[in-house]
Amino acid sequence: MIVVGVSHTTAPIDVREKLAFRPWEALHVLARLSGDGLIREGVVVSTCNRTEIYAVEQNDDSVARISTLLSDRLGGDAAGFVYVRRDREATSHLFEVAAGLDSMILGEAQIHGQVKDAWEECRAASGPILNRMFQSALLAASRAREETGIGRGAASVSSAAVQLAKKIFGGLSGRRAMILGAGDVAELALECLLSEGVRVAIVANRTHERARSLAERHGATAMHYDQSWESLRDVDVLICSTASPHPVVTVERVRGAVAARGDRPLCILDIALPRDVDGAVGDLDNVFLYDLDDLRAAAAANLEQREEDVPAARAIIAAEVQKYWDWVAGLAAVPVVREFRDEMDRLRSTELAAAFRRLGPLSPEQAEAIEYFSKSLMNKFLHEPSIRLKAAAANGRGLGVVDAARYLFALDDKPADVRERASPAQDGFSQIGREPTDIG
C-alpha cells in the first residue's frame, strides 16, 4: 500500500494548483494505472492543500510511474515536491489528513468531508483494502474531533480568510462583502462574515439558482455572475471560492471598479485552487490580494489552543491505525492457514496412498481406520500452528508470522496454478473479505 503526493508542506500554491484533479480526471488516471498493471485499487484525494494518490500496488514500478505522471501534469520535474509513504505510514498519514492534523490550518473541519467525497468519487477504482482504510480514517477523524479540542477556534480556510480581513480593516462590522462561488467553502465564509457583523453580503455564482439558494439561507443578497464586477466598486472584501480551472478575477474585470473606488482599499481573499484571481490584480492600487499560502499567519492566533490537543488526537489515530492493521494482518493470516492445511493434507493423501500400496489388500474397515488415523494425526499437528497464526493477526504480528510460515513450509515455491487453487487471496492486499459498510 502506498500514498504518493504533494501538499502545502512540500509544494507552493503554483505547483499544487497544476496538480489538482477533478473527479473525472482522478478516475481516468486510476483506470490508466490499473490498466497498466501498476495498482489493484486506488483513490485520489485532491483538495486546495494536497493532491495524493493512495493505491494498493500491483508491481514495483508503481511509485515511479505515479511520480512521472505528476511530473507530466506539472510540466516539469515534480520529484522535489513529492513524498511517498508505505503501508502503516501511509495509513497513519491518511488518518491524520482526515482529522485535520496535516492541514495548513490545524484541525480544519472541511477536510473530513473532502476525504469522504474523494473516496466516494473513486469507488469505481477502490476495493476492500482502501474502502476499509478510508472508512476507518473517517471514523478515527470523527473520534479525534469529538473527544479532543482539535477543531476549536478558527479551524478552516474560510474562517482564517475572514480573520485576515478583520485584521486588515480592524473589524468587519458594517462592512460590505461579496463571495464569488456557492459551494461549501463559500457558505462557511458567508457564515463567518455575517458572524463578524458584515452589513451587506453578496453571493455571486455562474449558476444563479445556487447563489440565490445560498443567499436565502443566510439572509444575504444573490447576484448574477456577470453583474458582480460592477459591484466591486462598493464592497470592502471579496472572497473567491469557485471551481473554475482558470482565473476568473482578471485585471480587466477589476481595474474599472478599482478606479471608481477612489482611495478605499479592496481586500481580495482567494481561497480557491486552482486560484480564482490573476496575480497581477494584486498590483493594482489599493488592492490587497491574499491566497491560500498567505493564510497561515491568520490562523496562528488559535493555533496554540489546538496544539494542546494534538497528542490526544494522535493517540486516538494510533489506536485506530492499529485496529486497521490488525484487520489487514487477518486478511493475510486466514488464507495462509487454509493454504497451509491444504498443502499438509495433500502430503498426507500422497503418503497414505503409498502406505496402502505397501500394505497390500485391506478390508474397508481397516482402510477407513488408517485414513481416520492419518487425518486425526495431521489435525493434531496443525491445530496449534493454526491457532497461533490466527492469534498473531490479532496482536499486530500477523504479517511477519505469515511471511515466516510461507517460507518455512515453502508455500510460495508451489506452481502458481496450485497456489491459486489453494488460496485465491495470497496476501493481505488481495480481494478477499466482505465489502465494508458505508459511513453516513
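For clarity, every value in this text was computed on a predicted model and none was experimentally measured.

Positionally, Ser 103 belongs in the loop between α4 (87-99) and α5 (110-121). There is a polar contact of 3.1 Å between the side chain of Ser 103 and the side chain of Glu 108.

Below, the discussion takes up the packing of aromatic side chains. What describes a pair of aromatic rings is the distance from one ring centre to the other and the angle between the planes of the rings. Under the definition given, this model contains 5 aromatic pairs. A centroid spacing of 5.5 Å and a plane angle of 80 degrees characterise the contact between Tyr 225 and Trp 229, whose relative ring orientation is edge-to-face. Taken individually, Tyr 225 and Trp 229 each receive the classification buried, so the pair is uniform in this respect. Measuring from ring centre to ring centre gives 5.8 Å for Tyr 324 and Trp 327, while their planes differ by 35 degrees; the resulting arrangement is tilted. One end of the pair is Tyr 324 and the other is Trp 327, both in helix α14 (residues 310-359) and 3 residues apart, which spans about a single turn. Here Tyr 324 matches Trp 327 in class, with each residue buried. Aromatic ring contacts, followed pair by pair, group Tyr 54, Trp 119 and Phe 134 into a single cluster. Stacked on the ring of Phe 21, the Lys or Arg Arg 73 has its end atom at 4.0 Å from the ring centre.

By size, the foremost hydrophobic cluster in this structure holds 62 residues, and its most contacted members are Phe 95, Met 133, Phe 134 and Tyr 324. In contact with Phe 134, other than residues within four places in its own chain, are Val 43, Val 45, Tyr 54, Leu 94, Val 115 and Trp 119. Counting residues in hydrophobic clusters, the runner-up holds 37 residues, among them Val 157, Ala 186, Leu 190 and Val 237.

Now for the sheet that holds strand β4 (residues 83-86). Taken in spatial order, the 4 strands line up as β2-β3-β1-β4 in an open sheet, and their pairing is antiparallel. Whereas interior strands pair on both sides, the edge strands pair on one side only; in this sheet they are β2 (39-47) and β4. Going from strand to strand, the sheet's axes swing by 15 degrees on average, the running direction of each strand aside. Relative to strand β3 (residues 50-57), strand β1 (residues 2-7) runs antiparallel, the two being bridged by 6 bridges. Pairing of Gly 5 across the sheet is with Glu 52, part of β3. Helix-sheet contacts for helix α2 (residues 23-35) involve β2 and β3, and the interaxial angle to β2 is about 155 degrees. The strands that α4 touches are β1, β3 and β4; relative to β4, the one it contacts most, it runs at about 110 degrees.

Our focus in this paragraph is the pairing of β3. Regular strands place their side chains on alternate faces of the sheet. Within β3, 7 of the 8 residues are buried, which leaves the element mostly enclosed by the surrounding structure. Where β2 meets β3, 8 bridges bridge the pair, whose relative direction is antiparallel. Each residue of the ladder has a partner; that of Val 45, found in β3, is Glu 52.

Here helix α3 (residues 62-74) is 13 residues long and its end C-alpha atoms lie 18 Å apart, about the 18 Å a rise of 1.5 Å per residue gives. Turning to α3, the residues buried within the fold contact β1, α1 (13-19), α2, β2, β3 and β4.

This brings us to the confidence of the model for the chain. When pLDDT is averaged across the chain, the result is 87; 89% of the residues are at 70 or more. In this model residues 415-440 is a low-confidence stretch, pLDDT under 50, and it forms 57 contacts with partners more than four residues away in sequence or in other chains.

Where α4 meets helix α6 (residues 128-147), the axes come as close as 8 Å, and the angle between the chain directions of the two elements is 45 degrees. By the angle between their directions, the pair α4 and α6 is classed as oblique. Regarding α4 and α6, the two cross each other, and that crossing is right-handed. Residue-level contacts link Thr 91, Leu 94, Phe 95, Ala 98 and Ala 99 of α4 to Met 133, Phe 134, Ser 136, Ala 137, Ala 140, Ala 141, Ala 144 and Arg 145 of α6. Here the contact of α4 with α6 is composed, by residue class, of 10 nonpolar, 2 polar and 1 charged.

This brings us to the sheet that holds strand β9 (residues 266-270). Strand order in the open sheet formed by 6 strands is β7-β6-β5-β8-β9-β10, and the pairing between neighbours is parallel. Each end of this open sheet is capped by a strand with a single partner; those strands are β7 (221-224) and β10 (287-290). Adjacent strand axes in the sheet meet at a mean angle of 20 degrees when their direction is disregarded. Taken strand by strand, helix α7 (residues 157-169) contacts β8 (237-240), β9 and β10, and its axis lies near 160 degrees from that of β9.

Below, the discussion takes up helix α11 (residues 251-260). Here α11 has its buried residues at Val 251, Val 254, Ala 257 and Val 258. End-on view of α11: buried residues confined to an arc of 140 degrees, all on one side of the axis. Away from its buried face, by an angle of more than 90 degrees, α11 presents the exposed residues Glu 252 and Ala 259. For α11, the elements touching its buried residues are α10 (228-231) and β10. Gly 262 sits one or two residues past α11 and shows a positive phi near 75 degrees.

Take unusual backbone geometry next. Residue Pro 274 is bonded to the preceding Leu 273 through a cis peptide linkage, with omega at 0 degrees. Considering the arrangement of structural elements, one finds Pro 274 in the loop between β9 and β10. With phi around 65 degrees, Asn 286 is a residue other than glycine that occupies positive phi space. Positionally, Asn 286 belongs in the loop between β9 and β10. A relative accessible area of 31% places Asn 286 in the partly exposed class.

Conventions we followed
Residues numbered from 1 in each chain as written. Predicted model: local features only at pLDDT ≥ 70, side-chain atom pairs only at ≥ 80, totals over all residues. Heavy atoms only, no water. Helix = DSSP H or I, 4+ residues; strand = E, 2+ residues; numbered from the N terminus. Polar contact = N/O pair within 3.5 Å; in protein donor to acceptor, adjacent residues only side chain to side chain. Phe/Tyr/Trp six-rings, centres within 6.5 Å; stacked < 30°, edge-to-face > 60°. Buried < 20%, exposed > 50% of the residue type's maximum accessible area, 1.4 Å probe, protein only. Lys NZ or Arg CZ within 6 Å of the ring centre and 35° of its normal. Core = buried A, V, L, I, M, F, W, Y, C linked by side-chain atoms within 4.5 Å. Contact = heavy atoms within 4.5 Å. Pairing = 2+ DSSP bridges. Axes fitted to C-alpha atoms, helices over the stretch in contact; angles between N-to-C directions. Expected span 1.5 Å × (residues − 1). pLDDT = per-residue confidence, 0-100. Parallel < 35°, antiparallel > 145°, perpendicular 65-115°, else oblique. Left-handed = near helix turned anticlockwise from the far one by under 90°. Nonpolar A, V, L, I, M, F, W, Y, C, P; charged D, E, K, R; others polar. Arc of directions from axis to C-beta.

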